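# Analysis of the macromolecular model
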Amino acid sequence: MTSSDAKRGEMVGAHRVTSPRVINWLIYVLGVMPGLWTFYLGLTDQLGADPVKELEHTLGLWALRFLIVTLTITPLRELTRVNWLRYRRALGLLAFYYAAFHFTTYLVLDQSLDLPAIGADILRRPYITIGMFALTLLIPLALTSNNASIRRLGRNWRKLHRLAYVATLAGAVHFLLAVKSWPPEPLIYAAIVGLLLGYRLLPHTLRRPLVRRLRPQS
Ligand code: HEM
């Protein structure tokens, strides 16, 4: 092997080590952009007639989008050879951050921290109850998304993280109920969530032949 071959090998090795990290950071940086941009538009009075609602809507939508993308990783890996497993944590955490800021917008800007009104809302308005349920489920997932928890919880970690399915379903139902009519958008999101959860319900005996048929032959 010549020294230039060795150098090339080192570079390829280094590239392999650093590039997922770079992609991970890119996911975080790009992922927070829609939220920051909407916040900036709000601060500069460019969010239309009801800026608080607009901010609330945008943050809620991005929370649901990131939950959906997170649930797409497994079928994507099984049905194609695209393996984004190492980016699932970043995507899941982004979903949690958006949901948390969506909730904060509701608490502080929408309800002005009127705790009795917020309590009544959570108890009496089903879409708020379901949204609260979804956010509550995301908290233990975010708290245990680190390597130490994965090691400590072992097999239970996977079981615990199945709560992501329930949280995403609750997020989609919350969206359906929040819009108070039947525009296509929440129905499309609900259909995508239904497909992603339905895929997980397929027995493995069905999933494997499907994987073989759908995977491009090499
Ligand atoms: C995982 C958790 C959650 C997700 C994924 C989520 C998602 C969404 C989505 C997609 C919308 C509709 C946006 C639109 O109209 O375009 C929405 C609206 C809303 N959400 Fe959430 N949400 C979550 C949790 C919560 C929580 C915890 C609360 C408050 C307790 C909340 C309060 C609201 C409110 C007040 C609206 C606006 C409804 C309106 O138009 O009047 N959400 N949410």
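Residues numbered from 1 in each chain as written. Predicted model: local features only at pLDDT ≥ 70, side-chain atom pairs only at ≥ 80, totals over all residues.

### Regarding the overall build of the chain
Per the secondary structure count, the chain includes 10 helices and zero strands. In sequence order, the chain lays out its α and β elements as α-α-α-α-α-α-α-α-α-α. Counting contacts in the chain only where the partners sit at least 6 residues apart, residues at least 24 apart contribute 68% of the total. (Helix = DSSP H or I, 4+ residues; strand = E, 2+ residues; numbered from the N terminus. Contact = placed C-beta atoms within 7 Å.)

### Quick word on the confidence of the model for the chain
Taken as a whole, the chain shows an average pLDDT of 90; of its residues, 89% reach a score of 70 or greater. Scored below 50 in pLDDT, residues 1–15 shows one contact in the model against residues more than four places distant or in partner chains. (pLDDT = per-residue confidence, 0-100.)

### Description of the site of the ligand
The immediate surroundings of the ligand are formed by 23 residues, with His57, Gly60, Gly131, Ala134 and Gly171 found nearest. Contributions of two or more residues to the shell around the ligand are made by α2 (51–79), α3 (88–110), α5 (126–143) and α8 (163–178). Here the shell around the ligand is built from residues that sort into 16 nonpolar, six polar and one charged. (Near = placed C-beta within 6 Å. Nonpolar A, V, L, I, M, F, W, Y, C, P; charged D, E, K, R; others polar.)

### A word on the nonpolar core
Most often, soluble globular proteins have nonpolar side chains that are buried together. Within the largest apolar cluster, 29 residues are counted, with the highest numbers of intra-cluster contacts made by Ala63, Phe66, Leu67, Leu94, Ala95 and Tyr98. Residue contributions to this core peak at nine residues, all from α3. If near-sequence neighbours (up to four positions away) are discounted, Ala95 is found in contact with Ala63, Phe66, Leu67 and Thr70. (Core = buried A, V, L, I, M, F, W, Y, C linked by C-beta atoms within 7 Å. Buried ≥ 20, exposed ≤ 12 C-beta atoms within 10 Å, placed from the backbone.)

### Some remarks on α3
Relative to the 33 Å expected for 23 residues at 1.5 Å per residue, α3 spans 31 Å between its end C-alpha atoms, a close match to the ideal helical length. Trailing α3 by a residue or two, Ser112 shows a phi angle of about 45 degrees, which is positive. (Expected span 1.5 Å × (residues − 1).)

### Remarks on α2
The end-to-end C-alpha separation of α2 is 41 Å, in line with the 42 Å expected for 29 residues at 1.5 Å each. The sharpest bend along α2 reaches about 30 degrees and sits at Ile73, with the proline Pro75 one to four residues further on. Taken as a whole, α2 has its buried residues at Leu55, Glu56, Thr58, Leu59, Gly60, Trp62, Ala63, Leu64, Phe66, Leu67, Thr70 and Leu71. (Bend = angle between axes of the 7 residues up to and from the residue.)

### Structural notes on the environment of Trp62
By secondary structure assignment, the location of Trp62 is in helix α2. Considering only alpha carbons, one finds Trp62 and His102, 40 residues apart in sequence, at a separation of 9.3 Å. Among residues more than four places away in sequence, those in contact with Trp62 are Pro34, Gly35 and Tyr98.

### Examining unusual backbone geometry
In this model, Asp45 sits at a positive phi of 60 degrees, which is unusual for a non-glycine residue. Inspection of the secondary structure puts Asp45 in the loop between α1 (3–43) and α2. The exposed category is assigned to Asp45, around which 8 C-beta atoms lie within 10 Å. For Leu113, which is not glycine, the phi dihedral falls at a positive 55 degrees. On the secondary structure map, Leu113 appears in the loop between α3 and α4 (115–124).

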